[in-house]
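# Residue-level structure breakdown
Next come the chains, spelled out residue by residue.
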Protein chains: 2
Amino acid sequence: MKARITVTLKNGVLDPQGKAIEHALSGLGFDGVGQVRQGKVFDIELTGTDKTKAETDLKAMCDKLLANTVIENYSVAIG
Amino acid sequence: MKARITVTLKNGVLDPQGKAIEHALSGLGFDGVGQVRQGKVFDIELTGTDKTKAETDLKAMCDKLLANTVIENYSVAIG
């Protein structure tokens, strides 16, 4: 079973990396680019077949290791 | 208009960060975790309304700045 976890910064949290990309894009001549925010994505292969257990496990992984829930949101997609 | 660009490593490209996460997860007691690979995600706000132009622009942004197409794949989702 394959799963994808997406971790993004919460609204209101400063994202200097995103700001740098914004400036770089406008420097390259791309007009009409508003806010840019960068996040992380984790592609995880799971050996089990139980989707409910997998979702519980993946959320626990996010809470314990993959995301800093003080400043980041995460979403889990299975399949 | 909002767009999300996902950049992932191509198959066969070593991902030491993903390997480290694999080991950390099994150290935390998560069983049944196979391969883990880490990628990046960019959430971009665009001011225009032309979807076709937006897609062309976003692909150009990936080719020029956001992805290293020698070792990375990217996908663009608008909306």
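The name that an unreviewed UniProt entry assigns to chain A is Phosphoribosylformylglycinamidine synthase subunit PurS, with the source organism given as Mesorhizobium hawassense. For chain A, the Pathway (unreviewed entry) comment in UniProt is given as "Purine metabolism; IMP biosynthesis via de novo pathway; 5-amino-1-(5-phospho-D-ribosyl)imidazole from N(2)-formyl-N(1)-(5-phospho-D-ribosyl)glycinamide: step 1/2."

### Considering helix H2 (residues 51-66) of chain A
With 16 residues, H2(A) should reach 22 Å at 1.5 Å per residue; the first-to-last C-alpha distance of 20 Å falls well below that figure. The set of residues buried in H2(A) consists of A:Ala54, A:Asp57, A:Leu58, A:Met61, A:Cys62 and A:Leu66. In a view along the axis of H2(A), the buried residues occupy a sector of 145°, so they form one face of it. Away from the buried face of H2(A) by more than 90 degrees, exposed residues A:Thr52, A:Thr56 and A:Lys64 are located. Looking at the buried side of H2(A), the elements it contacts are strand E1 (2-9), strand E2 (33-46) and strand E3 (72-78) of chain A together with helix H1 (16-27) and strand E2 (33-46) of chain B. Capping the start of H2(A) is the job of one residue whose side-chain oxygen sits 3.1 Å from the backbone nitrogen of A:Thr52: A:Asp50.

### Some points on the pairing of E2(A)
Across six bridges, the pairing between E1(A) and E2(A) is antiparallel. Looking across to E2(A), one finds that A:Val7 is bridged to A:Lys40. Pairing analysis gives eleven bridges linking E2(A) to E2(B), with the strands arranged antiparallel. Across the sheet, A:Gln38 pairs through a bridge with B:Phe42, a residue of E2(B).

Parameters and conventions
- Residues numbered from 1 in each chain as written.
- Chains lettered and ligands numbered in written order.
- Predicted model: local features only at pLDDT ≥ 70, side-chain atom pairs only at ≥ 80, totals over all residues.
- Heavy atoms only, no water.
- UniProt positions renumbered as here; feature names shortened; annotations may be inferred.
- Helix = DSSP H or I, 4+ residues; strand = E, 2+ residues; numbered from the N terminus.
- Expected span 1.5 Å × (residues − 1).
- Buried < 20%, exposed > 50% of the residue type's maximum accessible area, 1.4 Å probe, protein only.
- Arc of directions from axis to C-beta.
- Contact = heavy atoms within 4.5 Å.
- Polar contact = N/O pair within 3.5 Å; in protein donor to acceptor, adjacent residues only side chain to side chain.
- Pairing = 2+ DSSP bridges.

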